[in-house]
Amino acid sequence: MSKSETYASVWDAIVDTPEQAANLRARAELMQKIAAIVQESGWTQVEAATRCGVTQPRMNDLLRGRVSRFSLDALVNIATAIGRRVHVELEAA
């Protein structure tokens, strides 16, 4: 029987470095928050895309959680386009 590994999160399990995991975690969290705003606002994908300054297919990718298709920079721009300010907080590991 092989030895199993334990990870702090799914992000830690799928990438090679803690830095990559932290970046994925931040992108995923920001995407979830943007998707929640879209849902709470009752916007269609087309309306949300227009408000966010992206195409409808791009909005679909965001709402479906396709993290690999978005940089942190792009997500900050989307959040800003819908009137939100992104706050970054550093915590001890």
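Shown above is the structure to which this text applies.
Here the structure is a predicted model, which means the values were calculated and not measured. (Residues numbered from 1 in each chain as written. Predicted model: local features only at pLDDT ≥ 70, side-chain atom pairs only at ≥ 80, totals over all residues. Heavy atoms only, no water.)

> I'm lost on the pattern of salt bridges in this one. Help?
Side-chain pairs of opposite charge can arise where the charged atoms are in close proximity. Taken as a whole and assessed by the stated rule, the structure comprises four salt bridges. Among the salt bridges present, the one from Glu-29 reaches Lys-33, with a minimum N-O distance of 3.6 Å. Of this pair, Glu-29 and Lys-33 are both found in helix α2 (residues 18-41), four residues apart, which corresponds to roughly one turn of the helix. Residue classification places Glu-29 among the partly exposed positions, given a relative accessible area of 44%. Using a relative accessible area of 49% as the deciding quantity, one classes Lys-33 as partly exposed. The residue Glu-47 makes a salt bridge to Arg-51 at a minimum N-O spacing of 3.1 Å. Here Arg-51 and Glu-47 lie together in helix α3 (residues 45-52), a separation of four residues that amounts to about one turn. Its relative accessible area of 32% is what places Glu-47 among the partly exposed residues. (Salt bridge = Lys/Arg side-chain N within 4 Å of Asp/Glu carboxyl O. Helix = DSSP H or I, 4+ residues; strand = E, 2+ residues; numbered from the N terminus. Buried < 20%, exposed > 50% of the residue type's maximum accessible area, 1.4 Å probe, protein only.)

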